[in-house]
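# Observations on chain architecture
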Amino acid sequence: MAVIKTTDKQIDLLARLMRAEAEGEGQLGMLMVGNVGVNRVLADCLDFTDIRDLEDMVFQRPGGFEATTKSYFYQRAREVDRKLARRVVNGERFSPAERSLWFFMPSGDCPEQWYGQYNTGRYKSHCFFSPTVQDCPTV
């Protein structure tokens, strides 16, 4: 059962985002990017109080995803990517991104904090950052 409401168009959008942001990290890396996206829709806190669906999340400005500025993002979603997107929309969560609202690829080690949020771990080249339960109880 979906944890957020979506349309087929939004699943395609999330699938394209996951591929564009983390294809080089493999399917697990893409699933973690998907976790961050779904978490931002669920959050209703911090920078995400006006995010109500996947389209709002993908194209949030400021604070959205760099991939949306690249041509690769605008290629058609593949079925394998749509399947991954459906998994995260249906509530599957993957460590260290279970509650993460942010990720980025540093040139070195992951910092302890990023924009005041604590590092929850690294997967390959991406570091993930999560709010506290007190700051964002709905994630």
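This section reports on the structure supplied with the text. (Residues numbered from 1 in each chain as written. Predicted model: local features only at pLDDT ≥ 70, side-chain atom pairs only at ≥ 80, totals over all residues. Heavy atoms only, no water.)

### What about the pairing of strand S3 (residues 117-123)?
Counted only if it meets this: Only strands that DSSP links by at least two bridges are regarded as paired with each other. Secondary structure elements follow DSSP: runs of H or I no shorter than four residues count as helices, runs of E no shorter than two count as strands, and numbering proceeds from the N terminus.
One ladder, built from two bridges, connects strand S2 (residues 113-114) with S3; its direction is antiparallel. What sits directly across from Trp114, in S3, is Gln117. Hairpin remark: S2 followed by S3, antiparallel, with two residues in the connecting loop; positive phi at Tyr115, about 50 degrees. In the sheet, S3 pairs with strand S4 (residues 126-130) via five bridges, with the strands oriented antiparallel. If you follow Gly121 over to S4, its bridge partner there is Phe128. If you look at the hairpin formed by S3 and S4, you'll find two residues sitting between the two strands, and Lys124 has a positive phi there, around 50 degrees.

### Let's talk about helix H4 (residues 79-89)
As a reminder of what qualifies: Each residue is assigned to one of three classes by its accessible area relative to the maximum for its type, calculated with a 1.4 Å probe on protein chains only: buried under 20%, partly exposed between the two thresholds, exposed over 50%. Each direction from the helix axis to a C-beta atom contributes to the arc, which is the arc of those directions. For this analysis, residues touch if any pair of their heavy atoms sits within 4.5 Å.
Taken as a whole, H4 has its buried residues at Asp81, Arg82, Leu84, Ala85, Val88 and Val89. The arc that holds the buried residues of H4, viewed along the axis, is 160 degrees, so those residues lie on one side. Next to the buried residues of H4 lie helix H1 (8-22), helix H2 (26-43) and helix H3 (54-58). Where H4 ends, the next residue or the one after it, Gly91, has phi of about 105 degrees, a positive value.

### What about the sheet that holds S4?
As a reminder of what qualifies: Every angle, taken between N-to-C directions, lies between 0 and 180 degrees, and every axis is a line fitted to C-alpha atoms, over only the stretch in contact when it is a helix.
Sheet architecture is open: four strands sit in the order S1-S4-S3-S2, paired in antiparallel fashion. A single partner strand is all that each edge strand has here, and the edge strands are strand S1 (102-104) and S2. Along the sheet face, H2 touches S1, S3 and S4 and points at about 145 degrees away from the line of S1.

### A short note on the packing of aromatic side chains
Using the following cut-off: A pair of Phe, Tyr and Trp rings is counted when the ring centres sit within 6.5 Å of each other, with Trp represented by its six-membered ring. The angle between the planes then sorts it: under 30 degrees is stacked, over 60 is edge-to-face, the rest tilted.
What the rule picks out here adds up to nine aromatic pairs. Look at Phe48 and Trp102: their rings are 5.6 Å apart centre to centre, the planes differ by 50 degrees, and that puts the pair in the tilted class. Of this pair, Phe48 sits in the loop between H2 and H3 while Trp102 sits in strand S1, and the two are 54 residues apart along the sequence. Here Trp114 and Phe129 contribute two aromatic rings whose centre-to-centre distance is 5.6 Å and whose plane-to-plane angle is 40 degrees, an arrangement assigned as tilted. A residue pair is termed long-range when its members are at least 10 positions apart, and Trp114 in strand S2 and Phe129 in strand S4 qualify at 15 residues. By relative accessible area, which is 23% here, Trp114 ends up partly exposed. Classification of Phe129 as buried rests on a relative accessible area of 0%. Members of the aromatic cluster, connected to one another through ring pairs, are Phe104, Trp114, Tyr115 and Phe129.

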